[in-house]
Amino acid sequence: MKSQVTGRFKVSKETFAARAAKWSAAHWKTATFGWLAFVVAAIVVGSAVGSVKLTDAEQSTGESARAQQILADAGFSQPAAESVLVQSQTATTSDPAFRQTIARVVTRLNELRNVEDVRSPLAPGAAGQISKDKHSALVQFDIAGEQSKADKKVAPIMNAVSQLDRANPGYTIAEFGFASANHELNDTIGKDFQKAEKLSVPITFVILLVAFGAFVAAGVPVLLAFSAVLGSIGLAELSSHVLHASDATNSVMLLIGMAVGVDYSLFYVKREREERRAGHGPEALHRAASTSGQAVLISGLTVLIAMAGMLFAGSKIFTSIGIGTMIVVAVSLIGSLTVLPALLGKLDERIDRGVAAVAAAGALRVLRLAKVQPRWLVRLRERRTLLQRAKGEGAESRVWGAVLRPALRFPLVAVIVSTAVLVVLALPLLSIHTKLLSFTDLPGDIPIVQTFKKTQAAFPGAQTPAQVVIKADDVSSPSADWAIGQLKTQALATGRMSEPIQTFVNPDHTVARVEIPLAGNGDNGASVAALTTLRTQVLPATIGQLSGAQYAVTGETAGSRDFNTTVKQRFPYVFGFVLGLAFLLLLLTFRSIVVPIKAIVLNLLSVAASYGVLVWIFQDGHLQGLLNFHSNGAVVTWLPLFLFVVLFGLSMDYHVFILSRIRELVDRGVPTEEAVSRGIRTTASTVTAAAVVMVAVFAIFASLRTLDIKQMGVGLAVAVLLDATLIRGVLLPATMKLLGDWNWYLPRWLEWLPRVSFEGKRGERIDGVPAPALD
């Protein structure tokens, strides 16, 4: 049926979400068991093929990526390097007792399996392995085999070093390196992270149980969201064979998948219950699909656009996370539009069953089988039906009514005050400083971190040296030897680089890797200044003079610097892509240029305020005791871009859901001011429940010990809280009241745009009040 338009109001043909719901309800077995088959198949196939992780070169950006690629192409054998710190507060390496202790460490390491190339600080030419004050020495060695598998072999070596420490009182003997760090962090931080991931599902269920007051209604969204995450992870593992995966991808997929999956189901289930309790019976599912289902479709597309923004970040880590989150959002969206209505249609009123109702179901089934219908049971059913119709899921929230009344009565004041609050919260953003985390930013109570700090103090930069990668026809030729020798000499002459400087050459003698310790702790100003000196002064004057040679610098300091630069350069592209496509989608959805502009401005205010709070807490060092962290004076480099795309996508969930309800009422003939008030009050319980779920899950991650994950959890929780309260409860209704019918303004030259209906029909009863009849 063609759309009939009377002024601004219309009766449109059936929406895509309604058609999907109708088919799914009519073929519930196909939809449900087809979904289960898809999830199982995705898990099995994903597990069978496994996941291909990003290489070191793919994880890097800029010059660091170029250096890593040269190393990878050269077939460079780079085993896991480890060091044992031998330290005394009183003795020096000149003392016989100290030298005997070092000898015992060297002897014991040579006896251990998987230990290769033990290098004693007492050997000739190893002066760089003894600290300037001679109270510390490093015994260096490599772990046999591939570097990626070294953490599986290091435990016996760490145990042997611990025994040496206990057997030599008065000395600190401790191990640090790539393998030992990974092993210990997996046992501490890794388990913390796994615990947080496992807690997210039961906490979500408990919150939904309180929100719905029904066991089944709470269980369906959680099970659907979690199954979508599992299936999506299987698909992501499959796709990693084309586009390699980051280590963080699965965790982010769980976080986003549970958030959007529960949100979409929550919107849908709440509306279906509302329609059914309003007396619409068999039509309840169709009405819910035509309204909330269509809103879910638009929300999902908006979130997909936001997540696609990460593809423009210039980092394959962001690309991997972007692809993973797009997969999980798309799968969650498909499940919400097909499997969910199939289950709602099959369960019908049984969706409202609580724990007691589930327990009593067996007894009632026995009565029905025995063809016994007690009068009390008949009367109870009749009274429950009347009560449900009178109550309605869409009953207006009194709390939100109290908040809305002053906002709608004094809209200009509400806009000024709420905007001022958000601007004040955003002010610390002006001084934001970003950097990647270093080992010194990890929790200080972890033994391996304590060892790193002691080693760093005695040997500045030795554990995180700059790696100069040199490619030439023959890096062992006399001219290359001279250039590398000049590199070492001039590096030390700057005073910003120090011993031990080590050189490694690949089997073909075409690539050399020169490791040069930098001043500072690896990520502070001293380290960055040393890196700049190395790149801009030392290398051009030495290796740059070697005919036909290529060079590039990588390492922790260089990698952090290059990543920071790349993210800052690419942020405008991400920003423009997300905002531009979101504007177009909302323009098409609501046929108004005011709605998308206002939505973007409100979301940017919310994001900016959350950035400001993040800077105030973590960069300026407030609430350290409460949140159990130690400030490093910065926000982690990847977080601003990540928060922007995630928060923009998640906040649009609420915005589209609320605006859809308001537009639905307007299309039924309700004045804009009244539609705003009713739309927000009737969706308040849904938005509140969704926000509580997200804040609770994000708060779990905020409780973890790692600083970057804590920052992410706090940033997401604060942003969702601000968005669901100040933005949606005060600023949105106040601006819509001020704008009135201008909210729906569309220039005449855009009248050709297609119409997207939320099934608004004039003449229907709205929340118990008849709407004006269709002209």
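All residue numbers refer to position in the chain's written sequence, counted from 1. For a predicted model such as this one, the threshold for reporting local features is a pLDDT of at least 70, and the threshold for listing and counting side-chain atom pairs is 80 or more; totals across whole chains, interfaces and linings nevertheless cover every residue. Only hydrogens and water are removed before side-chain values are computed, so all heavy atoms of the structure are retained for them.

1. Points about the sheet that holds strand 10 (residues 511-516)
Moving on, step 1. For two strands to be treated as a pair, DSSP must find at least two bridges joining them. Helix and strand labels come from DSSP, where a helix needs a run of H or I of at least four residues and a strand needs a run of E of at least two; each type is numbered from the N terminus. Strands sit in the order 9-10-8-11 across an open sheet of four strands; the sheet is antiparallel. Each having just a single partner strand, strand 9 (502-505) and strand 11 (550-554) make up the two edges of the open sheet. With strand direction ignored, the average angle separating the axes of adjacent strands in the sheet is 20 degrees.
Moving on, step 2. Note on contacts: a residue pair qualifies if any of its non-hydrogen atoms lie within 4.5 Å across the two residues. Note on definitions: angles span 0 to 180 degrees between N-to-C directions of axes, and those axes are lines fitted to C-alpha atoms, for helices only across the stretch in contact. Along the sheet, helix 18 (residues 478-493) makes contact with strand 8 (466-471), strand 9 and strand 10, crossing strand 10 at roughly 15 degrees.

2. Some points on the packing of helix 2 (residues 28-49) against helix 8 (residues 215-239)
Moving on, step 1. Look at helix 2 against helix 8: their axes get within 7 Å of each other, and the N-to-C directions meet at 40 degrees. Between helix 2 and helix 8 lies a crossing of left-handed hand. Within the contact between the two elements, helix 2 uses Trp35, Phe38, Val39, Ala42, Ile43, Val45, Gly46, Ser47 and Val49 and helix 8 uses Leu224, Ser227, Ala228, Leu230, Gly231, Gly234, Leu235, Glu237 and Leu238.
Moving on, step 2. Following the grouping adopted for this structure description, the nonpolar residues are Ala, Val, Leu, Ile, Met, Phe, Trp, Tyr, Cys and Pro, the charged ones are Asp, Glu, Lys and Arg, and the polar ones are all others, Gly among them. When its residues are assigned to classes, the contact of helix 2 with helix 8 shows 12 nonpolar, five polar and one charged. Left-handed describes a crossing whose near helix is turned anticlockwise from the far helix by less than a right angle; the clockwise case is right-handed.

3. Looking at the nonpolar core
Moving on, step 1. For the purposes of this section, nonpolar cores are sets of buried Ala, Val, Leu, Ile, Met, Phe, Trp, Tyr and Cys residues that join through side-chain atoms within 4.5 Å. Exposure is judged per residue with a 1.4 Å probe applied to protein chains only, and the accessible area is read against the type maximum: over 50% gives exposed, under 20% gives buried, and values in between give partly exposed. With 147 residues, the main nonpolar core has Phe642 and Ile662 as its most contacted residues.
Moving on, step 2. The element contributing the most residues to this core is helix 23 (residues 639-667), with 19 residues.
Moving on, step 3. With near-sequence residues (within four places) excluded, Phe642 lies in contact with Val252, Met310, Phe318, Ile321 and Met712.
Moving on, step 4. Grouped together as the second largest cluster of nonpolar side chains are 26 residues, Val86, Ala91, Val106 and Ala179 included.

4. What to know about the pairing of strand 10
Moving on, step 1. Among the six residues that make up strand 10, six are buried, leaving the element largely enclosed by the rest of the structure.
Moving on, step 2. Burial of the side chains of strand 10 extends over both faces: Val511, Arg513 and Glu515 are buried on one face and Ala512, Val514 and Ile516 on the other.
Moving on, step 3. Looking at chain direction, strand 8 and strand 10 are connected through six bridges and run antiparallel. The partner of Val468 across the bridge, within strand 10, is Val514.
Moving on, step 4. Here strand 9 pairs with strand 10 via four bridges, running antiparallel. By the bridge assignment, Gln502 is partnered in strand 10 with Glu515.
Moving on, step 5. The hairpin formed by strand 9 and strand 10 contains five residues between the paired strands, and His509 there has a positive phi angle of roughly 60 degrees.

5. Examining the sheet that holds strand 4 (residues 115-119)
Moving on, step 1. The strand order across the open sheet built from four strands is 4-5-3-6, with neighbouring strands paired in antiparallel fashion. Either end of the sheet is taken by a strand with one partner, and the two such strands are strand 4 and strand 6 (172-177). Strand-to-strand twist in this sheet, taken as the mean axis angle between neighbours without regard to direction, amounts to 25 degrees.
Moving on, step 2. Here strand 4 runs beside strand 5 (residues 136-143); their pairing, made up of three bridges, is antiparallel. Across the sheet, residue Arg119 finds its bridge partner in strand 5, namely Gln140.
Moving on, step 3. The strands touched by helix 5 (residues 96-111) within the sheet are strand 3 (80-87), strand 4, strand 5 and strand 6, with strand 5 carrying the most contacts at an inclination of about 5 degrees.
Moving on, step 4. Relative to the sheet, helix 17 (residues 447-458) contacts strand 3, strand 5 and strand 6, its axis offset from that of strand 6 by approximately 100 degrees.

6. Describing unusual backbone geometry
Moving on, step 1. Even without being a glycine, Asn114 presents a positive backbone phi close to 70 degrees.
Moving on, step 2. Along the chain, Asn114 falls in the loop between helix 5 and strand 4.
Moving on, step 3. Overall, the relative accessible area of 25% leaves Asn114 in the partly exposed class.

7. Brief notes about the packing of aromatic side chains
Moving on, step 1. To pair, rings of Phe, Tyr and Trp, with the six-membered ring standing in for Trp, must have centres within 6.5 Å; the planes then decide the type, stacked if under 30 degrees apart, edge-to-face if over 60, and tilted in the middle. Enumeration according to the criterion identifies 14 aromatic pairs in this entry.
Moving on, step 2. Relative to Tyr171, the ring of Phe98 has its centre 5.5 Å away and its plane inclined at 85 degrees; by these criteria the two rings are edge-to-face. Of this pair, Phe98 sits in helix 5 while Tyr171 sits in the loop between helix 6 (155-167) and strand 6, and the two are 73 residues apart along the sequence. For the pair formed by Phe98 and Tyr171, the shared burial category is buried.
Moving on, step 3. For the ring pair Phe267 and Phe657, a centre distance of 4.1 Å and an interplane angle of 5 degrees mean the geometry is stacked. With Phe267 in helix 9 (residues 249-280) and Phe657 in helix 23, the pair connects residues that are 390 residues apart, well separated along the chain.
Moving on, step 4. Members of the aromatic cluster, connected to one another through ring pairs, are Phe571, Phe575, Phe644 and Phe648.
Moving on, step 5. Look at NZ for Lys and CZ for Arg. If either is within 6 Å of the ring centre and within 35 degrees of the ring normal, a charge sits over the ring. The ring of Tyr573 carries the charged tip of Arg570 above its face, separated from the ring centre by 5.2 Å.
Moving on, step 6. A cation sits over an aromatic face here: Arg663 above Trp744, 4.8 Å from the ring centre.

8. Topic: the environment of Val505
Moving on, step 1. Among the structural elements, Val505 can be located in strand 9.
Moving on, step 2. When its relative accessible area of 36% is taken as the criterion, Val505 is described as partly exposed.
Moving on, step 3. With 429 residues separating them along the chain, Val505 and Phe76 place their C-alpha atoms 7.9 Å apart.
Moving on, step 4. Once residues lying within four places of it in the same chain are set aside, the contact partners of Val505 are Phe76, Val475, Ser476, Val511 and Ala512.

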